[in-house]
Amino acid sequence: MKFDAVIFDLDGVLVHTDKFHYLAWKSIADDLGVYFDETINTRLRGVGRMDSLNILLECCDRPLSDAEKEGLAAVKNERYRRYLSLMTPADVTDEVRTGLSRIRAAGIKTAIGSVSKNAGYILEKTDLVKYIDAVSDGNNIVNSKPDPEVFLKAAGFLGIAPSRAAVVEDAVAGIEAAVRGGFFAIAVGDARNHPKADFKAQSFTEIINLALY
Ligand code: B16
Ligand code: MG
């Protein structure tokens with residue numbers, strides 16, 4: 001066994017809610033008459049809600065007050081949660097479920113390290129809760145990725161040192177956070193372009209085998 005724990009990012013690693021983020025942010029941009037597309041949306045990966053709104057507003061000529069921004073972020077979240085409410089266990093692949101079961105059966109702890117404040121709701125809707133030993137998310141952090149806080153808290157909840165844990169991430173900011181925190185950084189998706197990633201995974205099973213052997 002290579003690691004005592006594996007900390008998984010949620011969106012983009014265990015589930016794919018980025019399409020819901022896109023639809024909700026796109027509707028806000030349309031309401032404001034601001035340009036928004038899939039390319040801008042990829043910049044929001046692993047970025048917290050208010051920072052995401054500030055990226056969306058880069059194309060907006062009129063400066064918005066903090067109160068207006070809070071209002072827009074709240075409306076975005078309502079629309080996003082409407083999509084989340086439709087999620088079911090079928091939104092998680094068998095490969096992910098089998099992989100999580102295998103590492104836990106081998107005694108490796110699992111945690112979530114997500115900046116989302118909706119992580120608990122997603123885990124519940126998809127029935128992933130039973131595979132996870134600890135959840136560190138947007139509700140228990142002050143600093144978003146690339147700050148390592150979310151992963152350090154996850155390791156703390158598990159009682160495991162960062163040097164004995166791996167982090168799995170799909171966002172560049174997440175790999176940066178994992179490296180800064182002293183974790184073994186496993187990259188999937190776009191994050192594989194990050195030069196500091198310790199391992200670039202082609203599949204979820206490859207990650208599980210790396211953790212086990
Ligand atoms: P919420 P992760 C991140 O989740 C998403 O990748 C990012 O697009 C989103 O803005 C952020 O959560 C905040 O989400 O609005 O639900 O609090 O990748 O860290 O699991
Ligand atoms: Mg992610």
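Keep in mind the model is a prediction, meaning the values are calculated, not measured. (Residues numbered from 1 in each chain as written. Chains lettered and ligands numbered in written order. Predicted model: local features only at pLDDT ≥ 70, side-chain atom pairs only at ≥ 80, totals over all residues. Heavy atoms only, no water.)

When the domains of the protein are assigned, the result is domain 1 (5–15 + 88–212) and domain 2 (18–84). If you average the C-alpha positions of domain 1 and of domain 2, the two centres end up 24 Å apart. Taken together, the contact pairs 13 residues of domain 1 with twelve residues of domain 2. Three residues, D11, N118 and Y121, lead the burial of domain 1 against domain 2; their summed loss comes to 41% of the area buried on that side. Salt-bridge contacts for D170 lead to R45; the nearest nitrogen and oxygen are separated by 2.7 Å. At the surface where domain 1 touches domain 2, the tally comes to four residue pairs in polar contact (both at pLDDT 80 or more). Classifying every residue of the side of domain 1 that touches domain 2 gives four nonpolar, three polar and six charged. (Domains from an automatic or database assignment. Contact = heavy atoms within 4.5 Å. Buried area = accessible area lost by both parts, 1.4 Å probe. Salt bridge = Lys/Arg side-chain N within 4 Å of Asp/Glu carboxyl O. Polar contact = N/O pair within 3.5 Å; in protein donor to acceptor, adjacent residues only side chain to side chain. Nonpolar A, V, L, I, M, F, W, Y, C, P; charged D, E, K, R; others polar.)

Each protein donor to the magnesium ion (ligand 2) is listed here as D9 (OD), D11 (O) and D170 (OD); together their distances run 2.0 to 2.2 Å. Binding-site remark: the magnesium ion (ligand 2) is held by donors from one chain whose sequence spacing is D-x1-D-x158-D. Residues D9 and D11 agree in their burial class; the two are buried. (Donors = N, O, S within 2.8 Å, 3.2 Å for Na, K, Ca; no water. Buried < 20%, exposed > 50% of the residue type's maximum accessible area, 1.4 Å probe, protein only.)

F8, L10, L14, I103, L128, V168 and F204 are the most contacted members of the largest nonpolar core, which totals 35 residues. For this core, the secondary structure elements donating two or more residues are strand 1 (5–8), helix 1 (18–32), helix 4 (66–84), helix 5 (94–105), helix 6 (119–125), strand 4 (165–169) and helix 9 (204–212). In terms of residue count, helix 9 provides more of this core than any other element does, six residues in total. Here this core spans two domains, since at least three of its residues come from each of domain 1 (5–15 + 88–212) and domain 2 (18–84). (Core = buried A, V, L, I, M, F, W, Y, C linked by side-chain atoms within 4.5 Å. Helix = DSSP H or I, 4+ residues; strand = E, 2+ residues; numbered from the N terminus.)

Its twelve residues place the ends of helix 5 16 Å apart at the C-alpha level, agreeing with the 16 Å of an ideal helix rising 1.5 Å per residue. By the burial criterion, the buried members of helix 5 are V96, R97, G99, L100 and I103. Down the axis of helix 5, the smallest arc covering the buried residues is 165°, so these residues share one side. What points out from helix 5, more than 90 degrees from its buried face, is the exposed set D94 and A105. (Expected span 1.5 Å × (residues − 1). Arc of directions from axis to C-beta.)

Before going further, it helps to examine the site of ligand 1. Among the 18 residues in the neighbourhood of ligand 1, the closest are listed as V47, S114, S116, K117 and N118. With respect to ligand 1, the backbone of V47 contributes an N or O atom lying 2.6 Å from an oxygen atom. Contact distances for ligand 1 include 3.4 Å between an oxygen atom and a side-chain N or O atom of S52. Considering ligand 1 on its own, with 460 Å² of exposed area, one finds that the protein chains cover 98% of that surface. Elements that contribute at least two residues to the shell around ligand 1 include exactly helix 3 (49–56) and helix 4. A breakdown of the residues in the shell around ligand 1 according to their chemical character gives five nonpolar, six polar and seven charged. (Near = heavy atom within 4 Å. Areas by Shrake-Rupley, 256 points an atom, 1.4 Å probe, with all protein chains shown as cover.)

As a further point, take the sheet that holds strand 3 (residues 134–136). Across the sheet, which stays open at both edges, the six strands sit in the order 3-2-1-4-5-6 with parallel pairing between neighbours. Taken across any chain shown, the strands that pair with only one partner, and hence form the sheet edges, are strand 3 and strand 6 (199–200). Both strand 1 and strand 2 (residues 109–113) contribute to a ladder of four bridges, which runs parallel. Counted as the bridge partner of V6 is T110 from strand 2. (Pairing = 2+ DSSP bridges.)

For D9, the position within the fold is in the loop between strand 1 and helix 1. Separated by 2.9 Å, the side chains of D9 and K145 make a polar contact. Residues within four places of D9 in sequence aside, it is in contact with L14, G113, S114, K145, V168, E169 and D170.

Two aromatic rings are characterised by how far apart their centres lie and by the angle between their planes. Evaluation of the coordinates by the stated rule reveals five aromatic pairs. Aromatic side chains F3 and F184 sit 5.1 Å apart centroid to centroid with 45° between the ring planes, which places their arrangement in the tilted category. Here F3, found in the segment before strand 1, pairs with F184, found in strand 5 (residues 184–187); they are 181 residues apart in sequence, far enough to count as distant. Overall, the relative accessible area of 5% leaves F3 in the buried class. Across from the ring centre of F20, 4.8 Å away, lies the NZ or CZ of K19, which sits over that ring. Sitting over the ring of Y121, R81 keeps its end group 4.2 Å from the ring centre. (Phe/Tyr/Trp six-rings, centres within 6.5 Å; stacked < 30°, edge-to-face > 60°. Lys NZ or Arg CZ within 6 Å of the ring centre and 35° of its normal.)

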